[in-house]
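# Working through the structure, step by step
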Amino acid sequence: MSELKAVILCAGEGTRLRPLTFSRPKHLLPVAGKPLLGRALDTIREADIRQVALVVGHQAEAVQAYVGGGAAWDIEATYILQEQPLGLANAVNCAKEFVGESPFIVFLGDNLLEAGIGDFADDFCQNQAAAALVLREVEDPRRYGVAELSDDGTVERVVEKPEEPKSNLAIVGVYAFESCIFDAIASIQPSARGEYEITDAIQWLVENGHRVSSTILQGFWEDAGEPVALLRANRLYLDRLVSTIEGTVNTASQVSGAVHVGLGSRVNNSRITGPCFIGDNCVLQDATIGPYVSLGDGCQVRNSTIEDAIIQSGSRIENLPGGLKRSVLGEQVVVAGDARNNAPLHLLLGDMAQIRVI
Ligand code: G1P
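Reference entry: report on the structure contained in this document. (Residues numbered from 1 in each chain as written. Predicted model: local features only at pLDDT ≥ 70, side-chain atom pairs only at ≥ 80, totals over all residues. Heavy atoms only, no water.)

This part is about the pattern of salt bridges. Under the criterion given, the structure shown has 19 salt bridges. In this structure, R45 and D74 form a salt bridge, with 3.2 Å as the shortest nitrogen-oxygen distance. With R45 in helix α1 (residues 36-46) and D74 in the loop between α2 (60-67) and β5 (76-81), the pair connects residues that are 29 residues apart, well separated along the chain. Residue classification places D74 among the partly exposed positions, given a relative accessible area of 40%. Between E114 and R240 there is a salt bridge, and its shortest N-O distance comes to 2.6 Å. With E114 in the loop between β7 (111-113) and α5 (118-127) and R240 in the loop between α8 (227-238) and β14 (244-245), the pair connects residues that are 126 residues apart, well separated along the chain. (Salt bridge = Lys/Arg side-chain N within 4 Å of Asp/Glu carboxyl O. Helix = DSSP H or I, 4+ residues; strand = E, 2+ residues; numbered from the N terminus. Buried < 20%, exposed > 50% of the residue type's maximum accessible area, 1.4 Å probe, protein only.)

With respect to the helices and strands, the residue C94 is situated in the loop between α3 (88-93) and α4 (96-99). Each C-alpha atom, one on C94 and one on G274, is 43 Å from the other, the two residues being 180 residues apart in sequence. Among all residues touching C94, those that are not within four sequence positions of it are V55, I80, L81 and Q82. (Contact = heavy atoms within 4.5 Å.)

Below, the discussion takes up the site of the ligand. Residues in contact with the ligand amount to 13 residues; listed here are only the nearest, G145, E160, K161, I171 and D223. Between the ligand and the protein, one listed contact pairs an oxygen atom with a side-chain N or O atom of T199 at 3.5 Å. Contacts to the ligand include D223, whose side-chain N or O atom sits 3.0 Å from an oxygen atom. For the ligand, whose accessible area on its own is 380 Å², the fraction buried by protein is 88%. Elements with a contribution of two residues or more to the shell around the ligand: β11 (169-177) and β13 (221-223). (Near = heavy atom within 4 Å. Polar contact = N/O pair within 3.5 Å; in protein donor to acceptor, adjacent residues only side chain to side chain. Areas by Shrake-Rupley, 256 points an atom, 1.4 Å probe, with all protein chains shown as cover.)

The next thing to look at is the pairing of strand β6 (residues 104-108). With five of five residues buried, β6 is to be regarded as a mostly interior element. By the alternation rule, side chains of β6 split into F104, V106 and L108 and I105 and F107, which are all buried. Summarising the sheet, strand β1 (residues 5-10) and β6 pair through five bridges and their orientation is parallel. What sits directly across from I8, in β6, is F107. Of the strand pairs in this sheet, β6 and β11 are connected by four bridges, and their pairing is antiparallel. Residue pairing in the sheet places F107 in a bridge with V174 of β11. (Pairing = 2+ DSSP bridges.)

This brings us to the pairing of strand β4 (residues 51-56). Extensive coverage of β4 is indicated by the burial of five of its six residues. Strand direction decides the pairing type here: β1 and β4, joined by five bridges, are parallel. Residue pairing for β4: V7 is matched across the bridge by A53. In the sheet, β4 pairs with β5 via six bridges, with the strands oriented parallel. Within β5, the residue paired with V52 across the bridge is A77. What joins β4 to β5 is α2, and the crossover it makes is right-handed. (Right-handed = clockwise from strand over helix to strand, strands pointing away.)

Take a look at the structure:
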């Protein structure tokens, strides 16, 4: 059998994450100090897949600048442009030539899976189905593709975002396909939202006598498509953080729980309650940080409290004793208070925003 390949879809505009995605593709937004796409590539590599195509569109250059040739993951990265946002099936179809006759994994670049995909990929290579889905029980399946199964786990029907779901099994954004999926894609019509849905292509396989198998996912799954989900993903990864103090923490500071302090960072007269990720070259002065805070490189926090937040590189927070909570900030943001304000702020700010609280 030919070698398993992977196609990562990272062309989407990330409209639900605006304004963060005006200046950066959503796949490059960091959770616990690492971009979503970096985590997706870790997952692909852990499954021993080396030939990886990235289907890019919105801000393609930024994706290409981050992944390059793929050496950081020991993969061979190929870039394929999806010219128009015509849906996931159209994005997969862009990779037809790259895939050739190989079986392949499709991975939605904003999906985060704790359990990895190694076992899923191995099972698919052995069990000779035309496609395999990863499923997860969810409380409200209406915002996902939904699968109905027979007793042995074979997929009998899939529907994209049904109003009245017949099961609570959501389709996770990881699929395995044989190349017959391209016949399916060629046969479907756009959905009501004007997109070629991968779910409809899978339904075509089922209706045309192809076997589609399924696996129920263990561990966490996050589709980090909106700010609350990004913060949730940040917390999930921070919960798995191992302490590493590479910078300096002065004796007047207190650090508890799992905390990473990056190279060149200085923590003075501050309290950090883990889990927290502090990038390189940050300055914390008279700050109270955590739990669940990720700071990008070069951030400065003075006389402020931050909890449950993602603050991207080069941002500065000062004189906010009331604090910042449940917030996502872009790069080089400045939030400055006047030290008297005690109400916590909840902010979603794009790059270079400047806020003065009086
Ligand atoms: C897409 C798929 C959907 C799947 C979901 C998983 O939806 O169309 O079937 O359940 O990803 O993340 P989207 O998030 O693009 O609306």
